[in-house]
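# Understanding the architecture of this molecule
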Amino acid sequence: MKIITLSGIDENILYEKLSSGLEIYMYPIKNKTSFNITLNVKFGSSVIDFKDNKKNKNKHLPYGTAHFLEHLMFKMKDGTDASTYFYKLGSDANAFTTYNQTAYTVNSTSHFKENLSMLLKYVYSPYFTKKNVSEEKGIIKSETNMTDDEIEIKLINTLNNNLFIKDNMKYKICGTVEDVESISLEDIESAYDYFYHPSNMFLVITGNFNCEEALAIIESEFANLDIKNTTDITVKKLKEPMKVENEIITLKGDSKKVLFGFKIPLPSKEMNAHLLNNYMNVIISSNFGRTSEFQNKLLIGNIINMPLSIQVFNASSYYILYIMADTNYFDRLLTLMKEKIKKLTITSEELERKKKVLKSDYVVSSDDAGVFNSYIQTEIIKYGKIEPHLYNQINGMTLKEATKISSSINLKNMVVVRYKGK
Amino acid sequence: MMNYKFHKNGSYNIHTIKTEKYKNVRMEIVFHNNFIKESIDKRKILFSILTQVSNNYPTRRDMLIKCEELYDTYIYSYSNRVGGRILNKICIDFLNPKYVSDDSYLEEVISFPFDLIFNPKFIDNTFPKDILDSEKNALKSSIENIKYSSTNYAIKEALKHTSENALFSYYSTVSDVDKITEADILETYEYVLKHDYIDIFIIGDVDFNNIIDLVNKYAKWNTIKSHEILSTKKLKPRNKIKKIKEKGEFLETKLVYVLSVGDLNDFDTQYTMNLYDTIMGGGGLDSLLSKSLREDNSLVYGVSSYYQKLDGLIIIETSLNKKDVKLAKKLIENVLINLKKKLIDEDILENAKTTILSGIDIRNDELEYNLEEYLMQYLNVLESINTRKLKYMGVTVNDIKRVANKVKINTIYELEDGEI
């Protein structure tokens, strides 16, 4: 077992890799009652085209396949649903799919062995039939319609469809109703066989549990599993152009919600990815966040009705920034936004304050089994590893570097989605 | 292990909960009084203003900058109704001082909310108009945004049609918010300081002797309150079901049932009906409704029920295609009828108990939940955790059948899907 010591917060993550290739990250937390277990697949909705190198064959999955597969994983050969087993233990079991990941989760306070064993069993014992594929279509179509009925989700899906040209983040995670209808048993089996191999997966356990016991349970379960040889595949990666399709998209309706989306070329190709991420968060927060002069001006002028909602994240070869606003004055807001994005700045005082915020958030999140489980998942999906010196990295951030990064942030590639008319 | 202590001051009470479970600390200053509809929006706006500006922090930005300087301290207001009582809280979450090298940090953090409360920003002896207008805008926007969520809108309309004057169907309106003036907010401010019950809860791993001294230094309430908080009227059963159908602009039809639970004794109110609700619809994918509508018939992605014990009602809600509504209604009503006619399997009851007791344990790791637990016990809404666990275990299948027979459909509301 390898120990990853997290500097600055005096905590350890324990790491083990099995012979099957499964990576295990364990983070026990003192004084907690519950534990969180997530079994994660490095396969999400953005994986559509890939090549089977052994057979030299190109493969294609319909949009929404990863999400559909997630639903079907709970179906057991005996006709029951895996969630029923967890329910009887008093555990909260769930799953989710993102663009880059599918995760199967369990949260409980007791029966650690049973919960962990069952999670591994049901994910590694797939049961797919034409019947259960057909039955699940009605449920998923209802889900996809429900997402279109939620204003904010509709805004994000519409924005993504126009912000991205080639990247498969262009498409809804659950697919459209037509996509769902087109998914076949063969698609599901193909997705599972190619991507649900332990070497493409990782397990994260956080909270109240014993690491040695966890490893013993995992090894015991794997001894009973028939793990096929790894597949040799290459996922088709498309180079995303920095241009966008349409700058302003208008949806029919009278909601005051507006979503701005920006595709940002990497401001630095040399900087460590974690460090760049910290600088991006700090700079965006200083310029658009709750303490920014920009947001303050919008609120005081009643240009926006409530604080902006901001999200910035790394999409591997570029960054994405979402800013959601609630406004009665779209035209004025657009003018002010276009003015603001020409130049981003940061002062010494802002940087020092934001460093305090980052450090505090890191300390507090390390105390929550659910939050820290999510943090570890993000680290592995985005960066492939945990950054043990994040706290020191934050301390070492400088105004010189922050200024250089902020002057390199290009926000010209913008798409706005708004509602208008009845 | 949590060590709770009650400190009575006279004009306010301090409740301390010492625990080593968390790296952060939470304080809630809870103002509470009778729920009077005409005052609710004014109270919401007042408490929002109080957590945004003061004489020392004349703009929202100044206050937020101070929060960041205090290691991302988070201060906000929150209001909710508990039966016939309105609670307006000023909440502050902050990093445990042991992680901060600055000696003045603890006093700065503890004094912060009291400065906001007792040193408000006034212009011409009242709250500034521009700040009031900004808060009114925000509240009006959130009221208007309800109609864009089919779930929130359908539940609101179903409750309105169930009983327009009941507290549980009260929702703010844009026109009421528009009428609010600076004088209204000033009057509300003076009223809450003088007449609201004040309870201050603090949870974390800190030196409480020091914190209590700081609270007593900065808290300036000086009136003793002794008036009664009235309980709310529970929903009475209706002879004829009220059925409403409206056209919406959503892809899915929204279906909402409002059920009355009848006259229940304390035990059934607190425990039996909660288990009934978990079995019927509140227990996630394993509830009877979920099994029937989703698993067996693939009609819906999700169906849920919520028991509001102080209002004496249960809400069932789901989204589905228009063509499936007739079948869904039949299935929902079959579940309710079967619960009345037949005894459920012991397994089903045991699983529901496991779900509820597990839920209590899982939430035990959450700082906010633990504080809320002590607040609700103090207000006599909940018994202690150990007592609750014992009493849940004592519920039988006969008890479930008995309360099932008191449940009646009051309202069926359908927001039909339409072109968008």
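Above this text is the structure in question.
Below you will find a few notes about this structure. These numbers were taken from a predicted model, which means no experiment stands behind them.

### What to know about the overall build of chain A
- Per the secondary structure count, chain A includes 15 helices and 15 strands.
- Relative to its length of 422 residues, chain A is compact, with a C-alpha radius of gyration of 23 Å against a globular reference of 22 Å.
- Put simply, chain A has 422 residues, and 60% of those count as buried.
- In chain A, once contacts between residues fewer than 6 apart in sequence are set aside, the share between residues at least 24 apart is 79%.
- Here chain A has roughly 17,600 Å² of accessible surface; of this, 49% comes from carbon and sulfur atoms.

### Re a nonpolar patch on the surface
All names here are of chain B.
- Where nonpolar side chains cluster on the molecular surface, the patch consists of Tyr4, Phe6 and Tyr378 and spans about 250 Å² of accessible area.
- With respect to the element layout, Tyr378 can be found in helix H13 (residues 367-378).
- Classification of Tyr378 by relative accessible area gives partly exposed; the value is 31%.

### As for the pattern of salt bridges
All names here are of chain B.
- Enumeration according to the criterion identifies 54 salt bridges over all chains in this entry.
- Two residues, Glu372 and Lys89, come together in a salt bridge whose shortest N-O distance is 2.8 Å. Remark: Lys89 occurs in strand S5 (residues 85-95) and Glu372 occurs in helix H13; sequence separation between them is 283 residues.
- Where Glu350 meets Lys353, a salt bridge forms, and the shortest distance between an N and an O atom there is 3.5 Å. Of this pair, Glu350 and Lys353 both sit in helix H12 (residues 346-363), separated by 3 residues, roughly a single helical turn.
- Judged by its relative accessible area of 31%, Glu350 falls in the partly exposed class.
- Residue Lys353 is classed as buried on the basis of its relative accessible area of 3%.
- Within this structure, Arg26, Glu28, Lys89, Asp93, Glu368 and Glu372 form a network of salt bridges that share partners.

### With respect to unusual backbone geometry
All names here are of chain B.
- The phi angle at Tyr71 is positive, at roughly 55°, despite the residue not being glycine.
- On the secondary structure map, Tyr71 appears in the loop between helix H2 (60-69) and strand S4 (74-82).
- Classification of Tyr71 by relative accessible area gives buried; the value is 17%.
- The phi torsion at Ser298 lies on the positive side, around 50°, for a residue other than glycine.

### A look at the environment of Ile140 of chain A
- Residue position: Ile140 of chain A is located in helix H4 (residues 130-148).
- For the pair Ile140 of chain A and His67 of chain A, spaced 73 residues apart in sequence, the C-alpha to C-alpha distance is 9.0 Å.

### Focus: the environment of Asp207 of chain B
Residue and element names in this part refer to chain B.
- Assignment of secondary structure puts Asp207 in the loop between strand S6 (197-204) and helix H8 (208-218).
- Relative accessible area serves as the criterion here: at 45%, Asp207 is assigned to the partly exposed category.
- Taking the C-alpha atoms as reference points, Asp207 and Asn334, 127 residues apart in sequence, are found 57 Å from one another.
- Only 3.1 Å separates the side chain of Asp207 from the backbone nitrogen of Asn209, close enough to count as a polar contact.

### With respect to the interface of chain B and chain A
- If you look at the interface, chain B gives 50 residues, while chain A gives 58 residues.
- Three residues stand out in chain B for area buried against chain A, namely Lys23, Arg61 and Glu68 of chain B, and they jointly supply 14% of the buried area on that side.
- Between chain B and chain A we count 8 salt bridges in total.
- A salt bridge links Glu293 of chain A to Arg61 of chain B; the nearest nitrogen and oxygen atoms lie 4.0 Å apart.
- Sort the elements by how many residues they give to the side of chain B that touches chain A and H12 of chain B lands first, with 7 residues.
- Within the side of chain B that touches chain A, the residues separate by chemical class into 17 nonpolar, 16 polar and 17 charged.

Definitions and cut-offs
- Residues numbered from 1 in each chain as written.
- Chains lettered and ligands numbered in written order.
- Predicted model: local features only at pLDDT ≥ 70, side-chain atom pairs only at ≥ 80, totals over all residues.
- Heavy atoms only, no water.
- Helix = DSSP H or I, 4+ residues; strand = E, 2+ residues; numbered from the N terminus.
- Rg over C-alpha atoms; globule rule 2.2 N^0.38 Å.
- Buried < 20%, exposed > 50% of the residue type's maximum accessible area, 1.4 Å probe, protein only.
- Contact = heavy atoms within 4.5 Å.
- Areas by Shrake-Rupley, 256 points an atom, 1.4 Å probe, with all protein chains shown as cover.
- Patch = residues over 30% accessible without salt bridge, like charges linked within 9 Å, V, L, I, M, F, W, Y side chains within 5 Å.
- Salt bridge = Lys/Arg side-chain N within 4 Å of Asp/Glu carboxyl O.
- Polar contact = N/O pair within 3.5 Å; in protein donor to acceptor, adjacent residues only side chain to side chain.
- Buried area = accessible area lost by both parts, 1.4 Å probe.
- Nonpolar A, V, L, I, M, F, W, Y, C, P; charged D, E, K, R; others polar.

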